Amino acid sequence: MYLSILILPLLGSLVSGLMGRKIGVTGAHFITCTCLLLSSLLATLSFYEVGICGSPVSINLVSWIESEILSVSWEFLFDQLTVSMFIPVLYISTLIHIYSIDYLSSDPHNQRFFSYLSLFTFFMLLLASGANYFVMFIGWEGIGVVSYLLINYYFTRIQSNKAAILALTMNRVGDMGLSIGFFALFAMFGSLDYSTIFSLAPVMNETAITIISLLLFMGAMAKSAQLGLHSWLPGSMEAPTPVSALLHAATLVTAGLYLLVRSSPLLEYSSTALLIITLLGASTAFFAATCGLVLNDIKRIIAFSTISQLGYMVMAVGISQYNVALMHVVNHAFFKALLFLGAGAIIHSAADEQDIRKLGGLIKFLPFIYSIMLVGTIALLGLPWLSGFYSKDLIIELAYSQYSFSSTYAYILGSITAGLTSFYSFRLISLVFLTSPNGPRNTYVNIHEANLAIVIPLLILALFSIFFGFIFSDLFVGIGTDFFGNAIFIHPNNISLVEAEFSINIILKLLPSILSIIGGLIALYLYLLSPNTITNISESSLFRKTYSFLNGQYYFDILYNQYIINKGLQLGYIISKVLDKGIIETVGPHGLSTVLKNTSENIAKLDTGIITTYALYITLGLLILIFLIFSPILVNTSGVLVSTPSFLGVDIFRLMIIYISSLFFILC
C-alpha cells in the first residue's frame, strides 16, 4: 500500500506524457486524476495507521550504492512526519488536477501539462518518504527539474524562459550548499541514513554540527525562498495559475521546511544554527510583507504572502518548535492553494486581467469567488478559529516565550508582519471586489462564475481552511501530544509550549490578532471610505522614495546584477581570455602544435632548389661531422678535459649523431 502512494502518480505521469496521443486529452485527465485520487485515499489510510495508531513503516527495496563504507539503499520511511506531509501534497495536488481540467480546457498541450503536474507530485512524495538523505536528494532535484518545466510551460514566451532559468540557477546555489552538507555528513558520520546520523548526533563535535546544519539550511533557503535567495519565487508566477498553487502551497517551497524539520535531531545540537535560522526567518517574513504592500499583480501579492509565511515557518524551526512549523506548513498549504486558485478563477473570468487596479466591483459578478477569497484571506491573517490561527499565532507566542534576544526579535517582527499581511490582503479584497469597477468594458462583458470543475476544489479547500486547524491542532501541537513520536526531536531545554500557553500576558498573546484587525480596517478605510487620503499621502517625497524602495523589493535584483552577476561575468571573461585562451593554450596542446608547425615551415623554407645552397648545407654538415668525430681529440689536446670520465651516455649520444648524419649523407 505504501509504495503504491508513490507509484500511482508516477504511473499517471508516464501514461499521460508518453502515450498522450493514444489516450487523448480526456484520457490524460481521467488517468492522472484517478491515480491521484487513489493515492490520496491510500495516504489517508496511511495517516490513520502510522499517525493515529503510531506504527511507522520502513521499506528497504534494494541496495543502490556499495562503495567501501558508503552504503545507500532504496529505502523508504513512512513515519508520522512523512504521512503528515502526504496529506497536503496529495489532497491539494488532486484538487489542482481537477481544477486544471476546466482551467486549461483550451490549451493544446493538456497531456504534457498533466504529465508534468503528476511528476511534480511524485518527486515531492519521494522526497518526503526517503529513509536517507540520498533518496531525499533524488526527490529534491526532481522537483527542481519539474518546476523548471512547469514555470517554462509556455516556452514560447521570453519571460517564462527567464523565470524558469532564474528559478533553476538560484536553486543551484542552495543545492551546492546542500551537496557539501551531504559530503560533510558522510565524512563525519560515515553514513547518510537518518537513523545512523540522528543517533550519533548527540556525541559529535558541536562546531561540525553547526557547519553541517548551516549547509543544510542553505539548501532550504533556496527551495523555501528565504531572504537572499528569494528572487526566483515571484518570477515563477509566469507559470499557469494551477502550477503556482501547487508550487507555492504543497510541493516546492515546503521541501526546504521538510528538510529542516526532518533534520531536527541535528539542528537541536547547534544553538548557533538555530539563532541564525530564527533571525533570517523573522527578517524574511517582514521583508516580504513590506514588499506586498505596494504590488499590483494579484498573483505576485499572493506570492510575496507565501514568502512571508515561509518566514514564519522557518522562524518556528529556529525556536525549536518543529511540530508547530509543520502544522503551519499544512494549514498554509490549504489556504494558500485556495487563494491562488481563487485568483486564477478571477483572472480566467476577467479576460486574463491580473492588475488589481484594473478590476473592482467583482462582488456582484463573482459572489462565490469573493466568499472563498475572503475565507482564504481570514485564514491567512490567523484570525481566531480559522486554520491559520492555530499555527501562525502560536508561532508568534512561542517566540516570545523563550525570552532571548533572537526570539524577542522574531516576536516583534512577526507581530508587525501580521498587521502588514492584513493590510495588503484586504487591499487586494477591496480593489478587486468592493470598489467601483475600474477596468475596461470588455473585461466585464463576459465575466461569469466558474464551472463545477473549479467550484468543487475551491469549496473543499475552503472547508479545509476553516476546519483543519480546529480539528487537528491538539493532535499536532497540543500540550502532551505524542503524535510525532521519534519523527521529531526537541531538546528538553527548548520546550516552551507550557510557558507560551499559561504564562504570557493576554495582551501579548492577542497582539498579532489585534494588529491584524487594525491592518484590515486601515486598508478598508483607505481604499473604500477615503481613497483621497492615499492620493494626498502619495504627493510627499518620502512616500515616493519608500514606495520605490519597496516596489523595487529592496533593490536585491539590482545588487545581484551589478555586484555579483556582472562581476562574475567579468571575472569569467578574464579567466577565459587570459587563462584558458592565454596561458593554457600557449603552454598546452595548441601552443605545442603551433611551435611544431612553425618550425616545420621554417625548415621547409631551406629547400630552395638552388644547388649552391645545397653545396653549402653539405659543407656545413661535413664540418659539423668532423667536429663531432674529432672533438675528444681537440678537447684533450687543449688540456681542458684530460681526466673527465664519460657519463650519462655522452659517448652513445655522440655515436647516434654520427650514425644519423652518415645516414643522411648516404641517402642524399
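Since this is a predicted model, take the numbers as computed values, not measurements. (Residues numbered from 1 in each chain as written. Predicted model: local features only at pLDDT ≥ 70, side-chain atom pairs only at ≥ 80, totals over all residues. Heavy atoms only, no water.)

Counting across every chain of the model gives seven salt bridges. Among the salt bridges present, the one from Arg262 reaches Asp79, with a minimum N-O distance of 2.7 Å. Of this pair, Arg262 sits in helix 11 (residues 252–262) while Asp79 sits in the loop between strand 2 (70–78) and helix 3 (80–103), and the two are 183 residues apart along the sequence. For the residue pair Arg262 and Asp79, the accessibility class agrees, reading buried in each case. Put simply, Asp175 and Arg172 hold a salt bridge, and the shortest N to O gap is 2.9 Å. A residue pair is termed a helical-turn pair when its members lie 3 or 4 positions apart in one helix, as Asp175 and Arg172 do in helix 6 (residues 158–189) at three residues. A relative accessible area of 4% means that Asp175 is categorised as buried. Judged by its relative accessible area of 32%, Arg172 is partly exposed. What you see here is one network of salt bridges that share partners, running through Glu141, Arg172, Asp175 and Lys223. (Salt bridge = Lys/Arg side-chain N within 4 Å of Asp/Glu carboxyl O. Helix = DSSP H or I, 4+ residues; strand = E, 2+ residues; numbered from the N terminus. Buried < 20%, exposed > 50% of the residue type's maximum accessible area, 1.4 Å probe, protein only.)

Before going further, it helps to spend a moment on the environment of Ile534. By the secondary structure assignment, Ile534 is in helix 23 (residues 531–537). Judged by its relative accessible area of 23%, Ile534 falls in the partly exposed class. Among residues more than four places away in sequence, those in contact with Ile534 are Leu526 and Tyr527. (Contact = heavy atoms within 4.5 Å.)

The sharpest bend along helix 25 (residues 556–587) measures roughly 35° and falls at Ser576. For helix 25, the complete set of buried residues consists of Phe556, Tyr560 and Gly582. The elements touched by buried residues of helix 25 are helix 6 and helix 13 (271–292). (Bend = angle between axes of the 7 residues up to and from the residue.)

It is worth spelling out the packing of aromatic side chains at this point. Overall, the coordinates contain 42 aromatic pairs when judged by the stated rule. Both rings, one in Phe137 and one in Phe182, keep their centres 5.3 Å apart while their planes meet at 90°; by these two values the pair is edge-to-face. Of this pair, Phe137 sits in helix 5 (residues 133–151) while Phe182 sits in helix 6, and the two are 45 residues apart along the sequence. For Phe137, a relative accessible area of 18% gives the class buried. An aromatic cluster is built from Phe47, Tyr91, Phe334, Phe464, Phe468, Phe472, Phe476, Phe483 and Phe484, whose rings are joined through pairwise contacts. (Phe/Tyr/Trp six-rings, centres within 6.5 Å; stacked < 30°, edge-to-face > 60°.)

Moving on, we come to the environment of Ser244. Note that Ser244 resides in helix 10 (residues 241–249). Measuring from C-alpha to C-alpha, the distance between Ser244 and His332 comes to 14 Å, with 88 residues separating the pair along the chain. Beyond its immediate chain neighbours, meaning those up to four positions away, Ser244 contacts Ser236, Met237, Ala239, Lys299 and Phe340.

Let us now look at the packing of helix 5 against helix 11. Axis separation between helix 5 and helix 11 bottoms out at 10 Å; the angle between their running directions is 160°. Considering their axes alone, helix 5 and helix 11 lie roughly antiparallel with respect to each other. The handedness of the crossing between helix 5 and helix 11 comes out as left-handed. Together, Tyr133, Met136, Trp140, Ile143, Gly144 and Ser147 of helix 5 and Leu252, Ala255, Gly256 and Leu259 of helix 11 make up the contact between the two elements. (Axes fitted to C-alpha atoms, helices over the stretch in contact; angles between N-to-C directions. Parallel < 35°, antiparallel > 145°, perpendicular 65-115°, else oblique. Left-handed = near helix turned anticlockwise from the far one by under 90°.)

Let's shift gears to the confidence of the model for the protein chain. The pLDDT averaged across the protein chain works out to 90; a share of 94% of its residues lies at or above 70. Note on residues 637–648: pLDDT under 50 across the span, and five contacts to partners over four residues away in sequence or across chains. (pLDDT = per-residue confidence, 0-100.)

In this section: empty space enclosed by the protein. To locate leftover empty space, one rolls a probe as large as a water molecule over the atoms. Going through the model one piece at a time under the given rule, you end up with one cavity of 30 Å³ or more. What the largest cavity holds in volume is close to 70 Å³. Along the walls of the largest cavity sit Ile301, Ile302, Ser305, Leu339, Met373, Thr377, Leu380, Tyr424, Ser425 and Leu428, which together make up its complete lining. Only helix 14 (298–318), helix 16 (367–381) and helix 18 (405–434) provide two or more residues apiece to the lining of the largest cavity. Residue classes in the lining of the largest cavity are distributed as seven nonpolar, three polar and no charged. (1 Å grid on protein atoms, 1.4 Å probe; cavity = no way out; pocket = protein on both sides within 12 Å on 5 of 7 lines; lining within 4 Å. Points joined across faces, edges and corners; volume = space filled by probe spheres on them. Nonpolar A, V, L, I, M, F, W, Y, C, P; charged D, E, K, R; others polar.)

Across soluble globular proteins, nonpolar side chains have a tendency to be buried as a group. Core analysis: the largest hydrophobic core is formed by 193 residues, its most contacted members being Tyr133, Leu266 and Ile346. Considering every element that reaches this core, the biggest residue donor is helix 15 (residues 322–349), with 19 residues. Leaving out residues up to four positions away in the same chain, Leu266 has contacts with Tyr133, Leu185, Phe189, Ile197, Phe198, Ala201, Ile209, Ile212, Ser213 and Leu216. (Core = buried A, V, L, I, M, F, W, Y, C linked by side-chain atoms within 4.5 Å.)

Here we come to the environment of Phe122. Within the element layout of this structure, Phe122 appears in helix 4 (residues 110–129). Taking relative accessible area as the criterion, Phe122 reaches 11% and is therefore assigned buried. Each C-alpha atom of the pair Phe122 and Leu280 lies 30 Å from the other, and the pair is 158 residues apart in sequence. In contact with Phe122, other than residues within four places in its own chain, are Leu6, Pro9 and Leu10.

Bringing the side chain of Thr306 into the picture now. Its place among the elements puts Thr306 in helix 14. With a relative accessible area of 0%, Thr306 lands in the buried category. With residues up to four places along the chain from it excluded, the contact list for Thr306 reads Leu233, His248, Val253, His332, Lys336 and Phe340.

Taken together, the nine bridges between strand 1 (residues 57–67) and strand 2 define a ladder with antiparallel strand orientation. Bridge pairing in strand 2 links Ser67 to Leu70. Turn length for the strand 1-strand 2 hairpin, with the two strands adjacent in sequence and antiparallel, is two residues, and the turn residue Glu68 shows positive phi of about 50°. (Pairing = 2+ DSSP bridges.)

Per the stated rule, a full pass over the model turns up zero disulfides. As a non-bridged cysteine, Cys33 has Cys35 as the owner of its nearest cysteine sulfur, 9.5 Å distant. Since its relative accessible area comes to 8%, Cys33 is described here as buried. Under the relative-accessibility criterion, Cys35 is labelled buried at 9%. (Disulfide = S-S within 2.5 Å.)

Time to look at the packing of helix 17 (residues 392–400) against helix 22 (residues 506–529). For the pair helix 17 and helix 22, the least separation of the axes is 10 Å and the interaxial angle reads 140°. In terms of orientation, helix 17 lies oblique with respect to helix 22. Here helix 17 runs over helix 22; the crossing is right-handed. Taken together, the residues of helix 22 that come into contact with helix 17 (itself represented by Asp393, Ile396, Glu397 and Tyr400) are Leu508, Lys509, Pro512 and Ser513.

Attention now goes to helix 16. For helix 16, which comprises 15 residues, the first-to-last C-alpha distance of 21 Å matches the rise-based estimate of 21 Å (1.5 Å per residue) to within 8%. For helix 16, the set of buried residues is Ile369, Tyr370, Ile372, Met373, Val375, Gly376, Thr377, Ala379, Leu380 and Leu381. Elements that come into contact with the buried residues of helix 16 comprise helix 14, helix 15, helix 17, helix 18, helix 20 (452–477) and helix 22. Looking one or two places after helix 16, you find Gly382, whose phi comes out positive at around 75°. (Expected span 1.5 Å × (residues − 1).)

Next up on the list: unusual backbone geometry. Even without being glycine, Glu68 reaches a positive phi, approximately 50°. Within the secondary structure layout, Glu68 lies in the loop between strand 1 and strand 2. Looking at Glu68, the relative accessible area reads 80%, which means it is exposed. Look at Tyr403: it is not a glycine, yet its phi comes out positive at around 55°. Residue position: Tyr403 is located in the loop between helix 17 and helix 18. Relative accessible area serves as the criterion here: at 49%, Tyr403 is assigned to the partly exposed category.

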